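# Structure at a glance
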Amino acid sequence: MIRHVETKRLKRMLYPSHSKKCFLLTTKTEQKWHLSTTASRAPRILCSTQKKLAAFHLQLGRILAQNLSHETWEKHLFIVAHQLARGYKLISHRDERVVIAGRIFLRAGDKAAAASAFPEAKFFYARGIDLIDNDEDWESSYQLCMDCFSKGAEAAAIAGDYEQMDAWLSVAIRRSIGLDDQFRAHYIHVRSLAQRNEMEKAVDVGLEALELIGVRIPSDNVKLHTLIELFKTRRLMKRICVADLKKIEPNKEKQVVSASRLLNILGTLSLSGKKHLCPLICFKSVQFNIKHGILSGMPISLATYGFLLSRFGMLTEATSYCEMANSVREDLGIVETIASVNMAVYGIVFPFSKPLRECEKQLHHGYTAGFEVGDVANSLRCASLHRYISFFSGQPLPKFLKGVEKVSKLMKEYNSNSTLLVNLVYQQAAVNFSGSGGASTGPAYLNGDFCDYNKIEQQFQEKTHSILHEQMNLMQTILAYHFAHYDTGWKSSEKIHVCGGGSIFKGFIFQYIHIFYRGLTAIALSRNENDKRKYAAAVKACIKVLKIGRKKSPLNLSHQSYLLEAELAVTKKRYAFAERLFMLSIEHAASAGILHEHALAHERFGFYYMMRNNHEAAYEQIRVARDLYAKWG
């Protein structure tokens, strides 16, 4: 039973001229303190000046900090911290400043960061920094000062306050007295640069940090070093199985664990900045984790290694290592890597071997689990891949748009500009397809409320292989084909250069999706253009690539290969063969559950029958296509 407690001390402090009950509650049997919801309002009535108000909050915070029991401390930590934050500038005694900075503000910042509330975390770290930012405190409480500045810089980076982040980080680097702290500051710097989409600079800073602890990534003769490290890694991994990994004694050395984390994040970042170093960094990461027994980083390294093997065309081997990554993570209960592992496994490798709907579900699990453990950066990357896979799996457009709006809001909140821009490309494309408004220049063009194709294109005149640039041109190619603007679609397709092997899409399922729509566009242009040889050659090249894709992913890519082959057979007047291929395409698209491409296969089959003057069969195919498009949204 809860009752009000009247103490002279609290009455004098809370009510200097009132005789009402105080705001602290306790149970009858246990001395547990609780703060009433009205406590924070009373001071505004009781105090008339700012200084008195600040003094009131400070004293209230002190009383709470001294009297809350251990059981209720965590529950009311934010209340205590907020009370002290309103009057912390009045604290003059050095010992009290250090205690409040460490026990309360630093702890409150950590708790807020763990809940992914980074603006609040930054607020608390800033109050702690204000209390201890002097030479004497750095000398006597070095670790507390370093924690406040480093964690504050990281929270500021994620909250988008880069000016504050730079200021705190420069102090942390200047004041650091050991490699561990220097390395930690560089790691935060890398993540903040990635947040600002400065990928190349992020990779450079990360490589400099690795050199501080003796891990060197060669910058000369990269291809030769990559082949050497690939050979070393494959030879090492052939002797390793899941049972062996479980027997490895975990390494908890701070510097080694930090290096593992940095190698893992650089492997991802180098894909967008300095992608020629990506394989080399990832091979080094695998070797490093196995050599030093970094169990927490092992699932990420295995997943990244699997991704790289898929880019080299070794899909069977890649799949086995991704399954190993999942097994190690689940068996060892490493929850902090769910987002990063699912991103590589279900966003890159498994779309070839598993249904896209299954990959979509696991990516959703990855990004929600990532937020729960505070892995915001990988969580948002996972969310971004989830949106791509959701679209290409044929998720109904109303559901897709609802999800993409939610993810865009999160990306804006956490200032993840690079992933946000790509997400907005998909949002604009979905709006165009659904006809729900927001397309300023017609549904065939990526121009509207969410995306301005021409503006983004001007920004990438020299950076023709960014993820944003290629995803944007992929979606423009798809839109242009569906709305019969074939010239526009062909121009966008040419900017991706997948057939030349220079694309970021290489090793992703998006490579084959692009080739499919490129081939369909070329077929359409070959019917009307004078330069038929050029487009006929392009169609044959696309079919050759799609046949490779069909072998890699019979479940998800067969319908595309068969449909393009059917269109080519029609141009060659091999009508019986074309009909068999159309039916195969319809059958496989239905099996894969990809609504919009199932509809497309029926639509193209219907136009074929119209060309053959079989209007009854044409009507039936077009009717089915219309129903499927309506179901898609």
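Above this text sits the structure in question.
Basis of the calculations
Residues numbered from 1 in each chain as written. Predicted model: local features only at pLDDT ≥ 70, side-chain atom pairs only at ≥ 80, totals over all residues. Heavy atoms only, no water. Helix = DSSP H or I, 4+ residues; strand = E, 2+ residues; numbered from the N terminus. Buried < 20%, exposed > 50% of the residue type's maximum accessible area, 1.4 Å probe, protein only. Contact = heavy atoms within 4.5 Å. Areas by Shrake-Rupley, 256 points an atom, 1.4 Å probe, with all protein chains shown as cover. Phe/Tyr/Trp six-rings, centres within 6.5 Å; stacked < 30°, edge-to-face > 60°. Lys NZ or Arg CZ within 6 Å of the ring centre and 35° of its normal. Axes fitted to C-alpha atoms, helices over the stretch in contact; angles between N-to-C directions. Parallel < 35°, antiparallel > 145°, perpendicular 65-115°, else oblique. Left-handed = near helix turned anticlockwise from the far one by under 90°. Nonpolar A, V, L, I, M, F, W, Y, C, P; charged D, E, K, R; others polar. Salt bridge = Lys/Arg side-chain N within 4 Å of Asp/Glu carboxyl O. Core = buried A, V, L, I, M, F, W, Y, C linked by side-chain atoms within 4.5 Å. Patch = residues over 30% accessible without salt bridge, like charges linked within 9 Å, V, L, I, M, F, W, Y side chains within 5 Å. Lys, Arg positive; Asp, Glu negative; His and termini not counted. Charge placed at Lys NZ, Arg CZ, Asp CG, Glu CD. Expected span 1.5 Å × (residues − 1). Disulfide = S-S within 2.5 Å. Polar contact = N/O pair within 3.5 Å; in protein donor to acceptor, adjacent residues only side chain to side chain.

### Topic: the overall build of the chain
In terms of helices and strands, the chain carries 32 helices and three strands. Here the chain, with 633 residues, has 57% of them falling under the buried criterion. When contacts within the chain are restricted to residue pairs at least 6 apart in sequence, those whose partners lie at least 24 apart make up 65%. Approximately 28000 Å² of the chain is accessible, and the part contributed by carbon and sulfur atoms is 52%.

### Notes on the packing of aromatic side chains
This structure, assessed with the given rule, holds 32 aromatic pairs. A ring pair is formed by Phe-392 and Phe-510, whose centres lie 5.8 Å apart and whose planes are at 50 degrees; its orientation type is tilted. Placement of Phe-392 in helix α21 (residues 376-392) and of Phe-510 in helix α27 (residues 510-528) is noted, with a sequence separation of 118 residues between them. Residues Tyr-575 and Tyr-608 carry aromatic rings whose centres are separated by 6.2 Å and whose planes lie at 45 degrees to one another, so their mutual orientation is tilted. One end of the pair, Tyr-575, is in helix α30 (residues 575-592); the other, Tyr-608, is in helix α31 (residues 595-611), and 33 residues separate them in sequence. A relative accessible area of 22% places Tyr-575 in the partly exposed class. Taken together, the ring pairs in this structure connect Phe-307, Tyr-388, Phe-391, Phe-392, Phe-400, Tyr-426, Phe-433, Phe-483, Phe-508, Phe-510 and Trp-632 into an aromatic cluster. In this arrangement the basic side chain of Lys-111 is found over the ring face of Phe-78, its NZ or CZ atom lying 5.1 Å from the centre. Above the face of the Phe-350 ring, Lys-354 is positioned so that its terminal group lies 5.0 Å from the ring centre.

### Section: the packing of helix α6 (residues 94-114) against helix α7 (residues 118-132)
At their nearest, the axes of α6 and α7 sit 8 Å apart, and the two run at 165 degrees to each other. Judged on the interaxial angle alone, α7 and α6 are roughly antiparallel. The chirality of how α6 crosses α7 is left-handed. Contacts from Arg-97, Val-98, Ile-100, Ala-101, Phe-105, Leu-106, Ala-108, Gly-109, Asp-110, Ala-112 and Ala-113 in α6 reach Phe-118, Glu-120, Ala-121, Phe-124, Tyr-125, Arg-127, Gly-128, Leu-131 and Ile-132 in α7. Tallied by class, residues from the contact of α6 with α7 come to 14 nonpolar, two polar and four charged.

### Describing the pattern of salt bridges
This structure, assessed with the given rule, holds 20 salt bridges. The structure contains a network of salt bridges with shared partners spanning Arg-94, Asp-95, Arg-97, Glu-136 and Asp-137.

### A short note on the nonpolar core
Of all hydrophobic cores here, the largest spans 173 residues; its most connected members are Ile-104, Phe-105 and Phe-510. Counting 27 residues, the second largest nonpolar core, distinct from the first, contains Val-190, Met-199, Ile-213 and Phe-288.

### As for a positive patch on the surface
A cluster of like positive charges, contributed by Lys-540, Lys-572, Arg-574 and Arg-580, occupies part of the molecular surface. Along the chain, Lys-540 falls in helix α28 (residues 532-552). Residue classification places Lys-540 among the partly exposed positions, given a relative accessible area of 49%.

### So, the environment of Lys-399
As for its position among the elements, Lys-399 is in helix α22 (residues 397-413). Distance from Lys-399 to Trp-632, taken between C-alpha atoms, is 9.7 Å for residues 233 residues apart in sequence.

### Topic: the packing of helix α5 (residues 77-85) against α7
Close contact between α5 and α7 brings their axes to 11 Å; oriented N to C, the two are set at 50 degrees. Taken together, the axes of α5 and α7 lie oblique to each other. Considering the relative orientation of α5 and α7, their crossing is left-handed. Contact residues: Phe-78, Ala-81, His-82 and Ala-85 in α5; Phe-123, Phe-124 and Arg-127 in α7. Residues belonging to the contact of α5 with α7 are distributed by class as follows: five nonpolar, one polar and one charged.

### Observations concerning α6
With 21 residues, α6 extends 29 Å from end C-alpha to end C-alpha; this agrees with the ideal 30 Å at 1.5 Å per step. Among all positions of α6, only Arg-94, Arg-97, Val-98, Ile-100, Ala-101, Ile-104, Phe-105, Leu-106, Ala-108, Gly-109, Ala-112 and Ala-113 are buried. Looking at the packing, one finds that the buried side of α6 touches α3 (50-67), α4 (70-73), α5, α7, α8 (135-140) and α9 (142-159).

### Some remarks on helix α23 (residues 417-434)
Between its terminal C-alpha atoms α23 stretches 25 Å, which fits the 26 Å expected from 18 residues at 1.5 Å a residue. Among the 18 residues that make up α23, 15 are buried, leaving the element largely enclosed by the rest of the structure. Of the residues flanking the end of α23, it is Gly-435, one or two places downstream, whose phi is positive at about 70 degrees.

### A look at the state of the cysteines
In this structure the tally under the stated criterion is zero disulfides. In this structure Cys-278 is a free cysteine whose sulfur lies 4.1 Å from that of Cys-282, the closest cysteine sulfur available. We classify Cys-278 as buried; its relative accessible area is 3%.

### Here's the deal with the environment of Asn-417
In this fold, Asn-417 is placed in helix α23. Remark: the alpha-carbon pair of Asn-417 and Asn-197, spanning 220 residues in sequence, is separated by 6.9 Å.

### Looking at unusual backbone geometry
Phi is positive for Ala-484, which is not a glycine, with a value near 65 degrees. As for its position among the elements, Ala-484 is in the loop between α25 (467-482) and α26 (486-494). Taking relative accessible area as the criterion, Ala-484 reaches 46% and is therefore assigned partly exposed.

### Concerning the side chain of Thr-226
The residue Thr-226 is located in helix α13 (residues 222-237) in this model. Residue class for Thr-226 comes out buried when judged on its relative accessible area of 9%. A polar side-chain atom of Thr-226 sits 2.7 Å from the main-chain carbonyl oxygen of Val-222.

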